[in-house]
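A look at the structure
Spelled out, the chains give:
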Amino acid sequence: MAMTFHVDVVSAEEELYSGTAEMLFAPAVDGEVGILAHHTPFLSPLKPGELRIQLEGGEEHFIYVSGGILEVQPHVVTVLSDTAIRAKDIDEAAALEAKERAEKALKDKQSDIDYARAEAELAEAIAQLQTLQRLRKKGR
Amino acid sequence: MAVGKEIREKIGSIKNTQKITRAMEMVAASKMRKAQVRMQSSRPYATKMKNVIAHLAHAHPEYKHPFLGERDVKRVGFIVITSDRGLCGGLNTNLLKKALIEFKSWRDKGVDVDLCTIGVKASQFFKRVGGNLVSKASHLGDAPNIADLIGTVKVMLDSYSEGKIDRLYLVSNEFVNTMTQAPTVDQLIPVQVAEPEEKLKHHWDYIYEPDSKEVLNLLMTRYIESQVYQGVVENIACEQAARMVAMKAASDNAGNLISELNLVYNKARQAAITQELSEIVSGAAAV
């Protein structure tokens, strides 16, 4: 019987896979790696690609990862997978967006007050309408 | 009968309100359950990552990642997580109060505060109170994506790397149980690494590809992001729990009010009948 080891595939949002395997193929940044039991401790980032988990009976599991980190210890292999597509420019753009949102929020002081005022006026108008309706009903 | 028309109308309107609060309570209960599941399923990632980081930090004394080292505090960063919507009791108020106290204690020491808000309530609050808002995210929904947070967190991480801030804290609600949510302040950077227990005895190290520095950098960023994500998910569970409790209280109060008004209404009705009877009787007696 071939040696098996434990594999955990987790992302920040959920646990994707947990179980024993005979062999694991992962798309490491420097090329695809195949991991067997008793592999030396190994740590590498992953490229977007397919994670292939070979189970004991020869069955295979495929999990798509959009990047992440592979951690190998003799008996446990952990894949910390990313769920989002990550690239430097995309991250940069997202950061800029977040900054802009903050600046806009600070500048928008005026509009927020306007909004609050409009809301208050609307509430008042609705109350007036209701009173009118009630009066009309009573009058009948 | 014209008796107590006003009371009847009032009872009707309270009943309508009660229907709404009860519906909200049930919606919040089911959402809370989902949020709790999400909270639990995001936990292994952070735990695993923390283990790796702890190991790396101890196995690699020659390379100190900036996120691991303490430095003089001249300016601090805060990430404040609140809900987008209200009607959830004192959840946001308590959290923001805690944040303000924290800010004040830093300002008293002459340290300025940079802010990053997640959630509408936080950004509205700090717009009103004032604060140096650097980045912001909101409307993440019930099932937030980590992709929506990357940018917001990156702003803070970058300003740490550039030396604009010397510490980063996370202010969020901790889900103790359905009835209790505790506002907490956690230090994100410098990362506090637990001492590995037995690992140091037999010293081993990973093979790194391409090299340890790069891997550690990546790990650190992911770790902080996952911490913030966890905070957001936990905060959603807190929000729904708090809303459920608040709406339950509101429904109960409405019930009390209705029964009180019913009593008043019945009394008035009986009084009217008695009065009418006595009028008839006295009228008959006079004849």
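This text follows the structure it describes.
Below is a summary of the structure that appears in this document.

Basis of the calculations
- Residues numbered from 1 in each chain as written.
- Chains lettered and ligands numbered in written order.
- Predicted model: local features only at pLDDT ≥ 70, side-chain atom pairs only at ≥ 80, totals over all residues.
- Heavy atoms only, no water.
- Helix = DSSP H or I, 4+ residues; strand = E, 2+ residues; numbered from the N terminus.
- Buried < 20%, exposed > 50% of the residue type's maximum accessible area, 1.4 Å probe, protein only.
- Contact = heavy atoms within 4.5 Å.
- Areas by Shrake-Rupley, 256 points an atom, 1.4 Å probe, with all protein chains shown as cover.
- Buried area = accessible area lost by both parts, 1.4 Å probe.
- Salt bridge = Lys/Arg side-chain N within 4 Å of Asp/Glu carboxyl O.
- Polar contact = N/O pair within 3.5 Å; in protein donor to acceptor, adjacent residues only side chain to side chain.
- Pairing = 2+ DSSP bridges.
- Axes fitted to C-alpha atoms, helices over the stretch in contact; angles between N-to-C directions.
- Phe/Tyr/Trp six-rings, centres within 6.5 Å; stacked < 30°, edge-to-face > 60°.
- Lys NZ or Arg CZ within 6 Å of the ring centre and 35° of its normal.

This next bit is on the overall build of chain A. Helix and strand counts for chain A come out as 2 helices and 7 strands. When its helices and strands are written in sequence order, chain A yields β-β-β-β-β-β-β-α-α. When the 140 residues of chain A are sorted by exposure, 38% land in the buried category. The long-range fraction of contacts in chain A, counting pairs at least 24 apart against all pairs at least 6 apart in sequence, stands at 45%. Of the accessible surface of chain A, which amounts to about 8400 Å², a share of 54% is contributed by carbon and sulfur atoms.

Listed by partner, the interface residues are 40 residues for chain B and 41 residues for chain A. Interface area, chain B with chain A, both sides summed: about 3600 Å², of which 64% is carbon and sulfur. Summed over the three residues of chain B that lose the most area to chain A, namely Tyr45, Lys127 and Glu209 of chain B, the buried surface amounts to 20% of that side. The interface formed by chain B and chain A includes 2 salt bridges. Taken together, the links from chain B to chain A amount to 10 residue pairs in polar contact (both at pLDDT 80 or more). Of all elements in the fold, only helix 1 (5-41), helix 2 (43-59), helix 4 (120-129), strand 3 (132-137), helix 5 (147-161), strand 6 (207-208) and helix 6 (212-286) of chain B reach the threshold of two or more residues within the side of chain B that touches chain A.

Another aspect to go through is the sheet that holds strand 3 of chain B. Residue and element names in this part refer to chain B. Read from one edge to the other, the open sheet built from 5 strands follows the order 3-2-1-4-5, with strand pairing classed as mixed. Each having just a single partner strand, strand 3 and strand 5 (181-189) make up the two edges of the open sheet. With strand direction ignored, the average angle separating the axes of adjacent strands in the sheet is 20°. Two elements, strand 4 (residues 167-175) and strand 5, share 8 bridges in a ladder whose sense is antiparallel. From the neighbouring strand, Ser172 faces strand 5, where its bridge partner is Thr184.

By the definition in use, this model includes 7 aromatic pairs over all chains. Ring centres of Phe67 of chain B and Tyr160 of chain B lie 5.4 Å apart, and the angle between their planes is 75°; this geometry places the pair in the edge-to-face category. In this pair, Phe67 of chain B sits in the loop between helix 2 and strand 1 (75-81) while Tyr160 of chain B sits in helix 5, placing the two residues 93 residues apart along the sequence. A single burial state applies to Phe67 of chain B and to Tyr160 of chain B, both of which are buried. Summarising the aromatic geometry, the rings of Tyr206 of chain B and Tyr208 of chain B are spaced 6.1 Å apart at their centres and angled 65° between planes, so their arrangement reads as edge-to-face. For Tyr206 of chain B, a relative accessible area of 5% corresponds to the buried category. For Tyr208 of chain B, a relative accessible area of 13% corresponds to the buried category. Following the ring pairs from residue to residue traces out a cluster consisting of Phe78, Phe103, Trp106, Phe125, Phe126 and Tyr169 of chain B. The side chain of Arg52 of chain A reaches across the aromatic face of Phe25 of chain A, ending 4.1 Å from its centre. A cation sits over an aromatic face here: Lys109 of chain B above Trp106 of chain B, 4.2 Å from the ring centre.

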